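This is what each chain is made of:
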Amino acid sequence: PVERAKAVSTAARYLQGQGFIDPMLAAEIANDSLLAVEVDHKGWVQLDRTQKADFLERVNSAALNANGGVSIDIQVSVNGAKVAASTFSSGQQFLRMVQ
């Protein structure tokens, strides 16, 4: 868990800086294993389902590259409401769109 907590903070720092991906507004540490990514409402609703999945995949890839490949969970929200998530279980990545 210490390794995951460090991985989450490293990913958040990277995504807030050189790893920024539009329409992201912020990337923050939600807990020791969860990265919370807030996206712009207008930018998010303009994306179709495939583009939303691509955004989530890009955020996940950036996080993995930044933290040395440690799998972390990512939650994407708009105005505080969860719209997408990337979770890892048994070595598999699962992408889920809520909207």
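Residues numbered from 1 in each chain as written. Predicted model: local features only at pLDDT ≥ 70, side-chain atom pairs only at ≥ 80, totals over all residues. Heavy atoms only, no water.

**Remarks on the packing of helix α1 (residues 2–16) against helix α3 (residues 49–66)**
- At a minimum axis separation of 8 Å, α1 and α3 run at an interaxial angle of 115 degrees. Seen from above, α1 lies across α3 with right-handed handedness. Listed contacts from α3 to Thr10, Ala11, Tyr14 and Leu15 of α1 are Val59, Ala62, Ala63 and Ala66.
- The class makeup of the residues in the contact of α1 with α3 is 7 nonpolar, 1 polar and no charged. (Axes fitted to C-alpha atoms, helices over the stretch in contact; angles between N-to-C directions. Helix = DSSP H or I, 4+ residues; strand = E, 2+ residues; numbered from the N terminus. Left-handed = near helix turned anticlockwise from the far one by under 90°. Contact = heavy atoms within 4.5 Å. Nonpolar A, V, L, I, M, F, W, Y, C, P; charged D, E, K, R; others polar.)

**A closer look at the sheet that holds strand β4 (residues 81–89)**
- The 5 strands are arranged β1-β2-β3-β4-β5 in an open sheet whose pairing can be described as mixed. Every other strand in the sheet has two partners, leaving β1 (24–31) and β5 (92–97) as the edge strands with one partner each. Neighbour-to-neighbour, the strand axes of this sheet turn through a mean angle of 20 degrees, independent of strand direction.
- Where strand β3 (residues 73–78) meets β4, 5 bridges bridge the pair, whose relative direction is antiparallel. Its bridge partner lying in β4, Gln75 is registered against Ala85.
- Across the sheet, α1 lies against β1, β2 (34–39) and β3, angled at about 165 degrees from β1, the strand it touches most.
- Lying on the sheet, α3 is in contact with β1, β2, β3, β4 and β5; it crosses β5 at an angle near 140 degrees. (Pairing = 2+ DSSP bridges.)

**Some thoughts on unusual backbone geometry**
- The omega torsion across Asp22 and Pro23 is 10 degrees, close enough to zero to call that bond cis.
- Turning to its location among the elements, Pro23 is positioned in the loop between α1 and β1.
- Its identity as a non-glycine residue notwithstanding, Asn79 has a phi of 50 degrees, on the positive side.
- Secondary-structure assignment places Asn79 in the loop between β3 and β4.
- Since its relative accessible area comes to 67%, Asn79 is described here as exposed. (Buried < 20%, exposed > 50% of the residue type's maximum accessible area, 1.4 Å probe, protein only.)

**What about the pairing of β3?**
- With 5 of 6 residues buried, β3 is to be regarded as a mostly interior element.
- The sheet contact formed by β2 and β3 spans 5 bridges and is parallel. Paired with Leu34 across the bridge in β3 is Asp73.

**Considerations on the packing of aromatic side chains**
- Here the structure, examined in full by the defined rule, presents 1 aromatic pair.
- Ring geometry for Trp44 versus Phe55: centroids 5.8 Å apart, planes at 75 degrees, classification edge-to-face. In this pair, Trp44 is assigned in helix α2 (residues 41–45) and Phe55 in helix α3, connecting sequence segments 11 residues apart. Accessibility classification places Trp44 together with Phe55 in one group, the buried group. (Phe/Tyr/Trp six-rings, centres within 6.5 Å; stacked < 30°, edge-to-face > 60°.)

**Digging into the pattern of salt bridges**
- Taken as a whole and judged by the stated rule, the model has 2 salt bridges.
- With its nearest N and O atoms 3.9 Å apart, the salt bridge here joins Asp73 to Arg4. Of this pair, Asp73 sits in strand β3 while Arg4 sits in helix α1, placing them 69 residues apart in sequence.
- A relative accessible area of 18% means that Asp73 is categorised as buried. (Salt bridge = Lys/Arg side-chain N within 4 Å of Asp/Glu carboxyl O.)

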